[in-house]
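Now for the letters of each chain:
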Amino acid sequence: MEKIVVSNIGETEKFARKFARTLQGGELILLRGDLGAGKTAFTQFVADELGVKDDVTSPTFTIMKEYEGKRLNIVHFDLYRINNALEVQEFGFDEYVFNTPSDTVVLVEWPDNVGEYYVGRKTINITIEKNEGDSRTIIMEK
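Rules and cut-offs
- Residues numbered from 1 in each chain as written.
- Predicted model: local features only at pLDDT ≥ 70, side-chain atom pairs only at ≥ 80, totals over all residues.
- Heavy atoms only, no water.
- Helix = DSSP H or I, 4+ residues; strand = E, 2+ residues; numbered from the N terminus.
- Buried < 20%, exposed > 50% of the residue type's maximum accessible area, 1.4 Å probe, protein only.
- Contact = heavy atoms within 4.5 Å.
- Phe/Tyr/Trp six-rings, centres within 6.5 Å; stacked < 30°, edge-to-face > 60°.
- Pairing = 2+ DSSP bridges.
- Core = buried A, V, L, I, M, F, W, Y, C linked by side-chain atoms within 4.5 Å.

Caption draft 1: Structural detail: the environment of Glu68. Residue position: Glu68 is located in the loop between β3 (64-67) and β4 (73-78). What makes Glu68 exposed here is its relative accessible area of 64%. Counting along the chain gives 21 residues from Glu68 to Ala47, while the straight-line C-alpha distance between them is 9.1 Å. With residues near it in sequence (within four places) discarded, Glu68 still touches Gly51, Val52, Lys53 and Asn73.

Caption draft 2: Quick peek at the packing of aromatic side chains. Scanning the entire structure with this criterion turns up five aromatic pairs. A ring pair is formed by Phe77 and Phe93, whose centres lie 4.7 Å apart and whose planes are at 90°; its orientation type is edge-to-face. With Phe77 in strand β4 and Phe93 in helix α3 (residues 93-98), the pair connects residues that are 16 residues apart, well separated along the chain. The two residues Phe77 and Phe93 agree in class, both being buried. Taken together, Phe15, Phe19 and Phe42 form an aromatic cluster joined through their ring pairs.

Caption draft 3: Fine view of the pairing of strand β2 (residues 28-32). With four of its five residues buried, β2 lies for the most part within the structure. Here β2 runs beside strand β6 (residues 124-130); their pairing, made up of four bridges, is parallel. Directly across from Ile29, in β6, lies its bridge partner Ile124.

Caption draft 4: Representation of the nonpolar core in the model. In terms of nonpolar packing, the biggest core is built from 27 residues, with Phe19, Leu23, Ile29, Phe42, Val46 and Ile126 touching the most fellow members. Sorting the residues of this core by element identifies α1 (9-22), β2, α2 (39-49), β5 (104-109), β6 and β7 (136-141) as the ones contributing at least two each. With five residues, the single largest contributor to this core is α2. Apart from the residues within four sequence positions on either side, Val46 is in contact with Ala16, Phe19, Ala20, Leu23 and Ile74. By size, the runner-up hydrophobic cluster in this structure holds 19 residues, among which are Leu30, Ile82, Tyr96 and Val97.

Note that every value here comes from positions in space, so none of it alone points to a role or purpose.
Okay, structure coming up:
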């Protein structure tokens, strides 16, 4: 487990970019944190570091967005509006979660909304906790 405190969005960006450089493809990254904690910002920094040229936005209403990157592709899920695992199956969730292509990284915001769906799948868990002001605590467990 790695735990760091970042003082501002610039330090969050630095951490996310460093993290992105370690990705090799096939990873499933579960992002947890309250509304406004910085899950989407973290995803944007990772995407930029991987060479995604499109604007990365939260897929709250579309549930999923795919991005082509220069080094790796990204599939970004936001499960905030999902109540159970059955609701995500129509979006190809199983395919991406359990058969992640080797040239792709999957990031899932609000992963707990589908329960223990990920049991048996190796994941990288990132929790972003809001502190005072712009400060955040980022906890990463591989």
